[in-house]
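These are the residues of each chain, in order.
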Amino acid sequence: MAYSAKVLDHYENPRNVGSFSKDEKNVGTGMVGAPACGDVMKLQIKVNDEGIIEDARFKTYGCGSAIASSSLVTEWLKGKTLDEAMTIKNSDIAEELALPPVKIHCSVLAEDAIKAAIADLRQKQAKNVETPACTATCKE
Amino acid sequence: MSIKTPIYLDYAATTPVDPRVAEKMIPYLTEHFGNPASRSHVFGWVAEKAVETAREQVAALVNCDPKEIIWTSGATESDNLAIKGAAHFYAATRGRHILTISTEHKAVLDTVRELERQGFEATYLDPEPDGLVDIEKFKAALRPDTVLASVMLVNNEIGVIQDIATLGAICREKGVVFHVDAAQATGKVEIDLQRLPVDLMSFSAHKTYGPKGIGALYVRRKPRVRLEAQMHGGGHERGMRSGTLPTHQIVGMGEAFRIAREEMAAENVRILKLRNKLLAGLQTIEEVYVNGSLEHRVPHNLNMSFNFVEGESLIMAIKDVAVSSGSACTSASLEPSYVLRALGRSDELAHSSIRFSLGRFTTEEEIDYTIALVRAKIGKLRELSPLWEMYQEGVDLNKVEWAIH
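The model shown is predicted, which means the values in this text are computed figures rather than measured ones.

1. Comments concerning the overall build of chain B
What chain B contains, in helices and strands, is 13 helices and 13 strands. For 405 residues, the compact-globule formula gives about 22 Å, and the C-alpha radius of gyration of chain B, at 22 Å, lands near that figure. The burial tally for chain B puts 58% of its 405 residues in the buried class. A fraction of 73% describes how many contacts in chain B between residues 6 or more apart in sequence connect residues 24 or more apart. Accessible area of chain B: about 16700 Å², with a carbon and sulfur share of 52%. If you average the places of the 46 positive and of the 53 negative side-chain charges in chain B, the two averages end up 6 Å apart.

See the structure below:
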């Protein structure tokens, strides 16, 4: 199966690979997929005081399309508010990367990762409001 | 170092036609184009002679009588003819149970499934973790109504060699027809059908440097094994497989098997040396696992799992080297290799597997290049892998609750 030029570009030069500390209160972490299914995506977002995503990181175990999908969304997420980030659809990712039908699940996984990272961040921030100071790390 | 890429390390999928084979085939396309069944003129006689010479060449490689060789379109057809043909012929007298192994090729498994749909019963025996069939378990799985057992000689994914002699002897004693798929075995392991208690054996040309689209089925004459034909027509091949014989393909298979017989001993020594070099170069990477027995394996195969790296992404990373993956991520099912799963490998390791298969034209330079490339890319992909990160942090991946999607 031939990959599109955009998938190859993201695969060969993945953007924003890496990890933030999960414990930072302005970092949201989403981990989706399962090794048994052949793909696991970890997506992290870091927001500033205005609630804008100022940085994003990913690590992905999966095929080239899964790696490209997660690399692409880290680029898209930067500069967006959380509400704007929630509007990113898997179909946008699939279209941008010209994913074939058998690889659509990779874009679905990337959308799920965004939602999971945002949910994690919001949960953390809600806890921060209720019980300031010691939170996430203690609860774990 | 200048090296020609892409490098072909997928000889278990198919092999190039040996130039010596191609050369022998060409006159039978243009000059000696006659129908081997034409008895009334020299065109037919020439073609018939070529077909019979090839039959002798195929028979010589596996030490049987040329009369025991039936031409087919390939090993898939041979498997179908052997399994359906024998099961149907003997069902009424011997029973309707079939025994096979869960790591067989789909040409066997799917044929047995079809017989199940027709009312037969089947047992799919799992091999041991090294890929080999346990003799006692095999014996125990045979039933009084077992009509046929089918076990491959060399596995296509992991290259392990089954103990056909022992399994065949058990079948012979119990009166069970024994079929062996030897598509991956010719030219790699010695096959002596005078000695082996095998009733039916499937062969393919294109795994042994012959052309695609031609194969053969060995049908034992003493004691005689009977088959119900699956293809009806002009009564070719003693009524077992009708259809005009493709002379050029048959000539190609004959020549390919002749070369295999003459060169396999030296070739196996050379390929084993290369395979061991590849193994030595890769097994020093952390968290890699060889799939299947190394001891009972053809020299041509190395199947390895690179933990925490997904197979398809590795294949993409080493795109200058043509290999295949046990991961079926390209299919919508996302199911990893059923062969590796049957060995009890975890889904993770099955998804992380690569099959390297070496052959006649593999060079030492190609192996050196492959080792360096795989080592570099494994490092890169692990930097990308959240599983590798967790492993390094000491997280037990089996205890993580994954968000299965």
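2. Concerning the sheet that holds strand β9 (residues 288-290) of chain B
Residue and element names in this part refer to chain B. As summarised here, the arrangement of the 4 strands in space is β9-β10-β13-β12, forming an open sheet in which the pairing is antiparallel. Among the strands making up the open sheet, the edge pair consists of β9 and β12 (324-325). In this fold helix α8 (residues 247-282) packs onto β9, β10 (301-306) and β13 (353-357), with an angle of close to 10 degrees to the strand it touches most, β10.

3. Details of the interface of chain B and chain A
Across the contact, 29 residues belong to chain B and 32 residues belong to chain A. The contact between chain B and chain A buries some 2700 Å² in all, and 66% of this surface belongs to carbon and sulfur atoms. The interface formed by chain B and chain A includes 4 salt bridges. Note that lysine 103 of chain A is salt-bridged to glutamate 312 of chain B, the shortest N-O span being 3.0 Å. Counting across the chain B and chain A interface gives 16 residue pairs in polar contact (both at pLDDT 80 or more). Mapped by element, the contributors of at least two residues to the side of chain B that touches chain A are α9 (311-317), α11 (347-351), α12 (364-383) and α13 (386-392) of chain B. Residues belonging to the side of chain B that touches chain A are distributed by class as follows: 15 nonpolar, 6 polar and 8 charged.

4. Focus on the confidence of the model for chain B
The predicted model of chain B averages 95 in pLDDT, with 97% of residues at 70 or higher. Taken together, the chains of this predicted complex give a pTM of 0.91 and an interface ipTM of 0.87.

5. Considering the pairing of strand β8 (residues 215-219) of chain B
Within a regular strand, the side chains alternate between the two sheet faces. All names here are of chain B. Of all 5 residues in β8, 5 are buried; the element is thus mostly enclosed. Neither face of β8 is left uncovered, since the one carrying Gly215, Leu217 and Val219 and the one carrying Ala216 and Tyr218 both have all their residues buried. Across 4 bridges, the pairing between strand β2 (residues 69-72) and β8 is antiparallel. Looking across to β8, one finds that threonine 72 is bridged to glycine 215. Of the pairings in the sheet, the one linking strand β7 (residues 200-204) to β8 comprises 5 bridges and is antiparallel in character. Residue methionine 201 lies in a different strand from β8, and its bridge partner there is tyrosine 218.

Rules behind the numbers
Residues numbered from 1 in each chain as written. Chains lettered and ligands numbered in written order. Predicted model: local features only at pLDDT ≥ 70, side-chain atom pairs only at ≥ 80, totals over all residues. Heavy atoms only, no water. Helix = DSSP H or I, 4+ residues; strand = E, 2+ residues; numbered from the N terminus. Rg over C-alpha atoms; globule rule 2.2 N^0.38 Å. Buried < 20%, exposed > 50% of the residue type's maximum accessible area, 1.4 Å probe, protein only. Contact = heavy atoms within 4.5 Å. Areas by Shrake-Rupley, 256 points an atom, 1.4 Å probe, with all protein chains shown as cover. Lys, Arg positive; Asp, Glu negative; His and termini not counted. Charge placed at Lys NZ, Arg CZ, Asp CG, Glu CD. Pairing = 2+ DSSP bridges. Axes fitted to C-alpha atoms, helices over the stretch in contact; angles between N-to-C directions. Buried area = accessible area lost by both parts, 1.4 Å probe. Salt bridge = Lys/Arg side-chain N within 4 Å of Asp/Glu carboxyl O. Polar contact = N/O pair within 3.5 Å; in protein donor to acceptor, adjacent residues only side chain to side chain. Nonpolar A, V, L, I, M, F, W, Y, C, P; charged D, E, K, R; others polar. pLDDT = per-residue confidence, 0-100.

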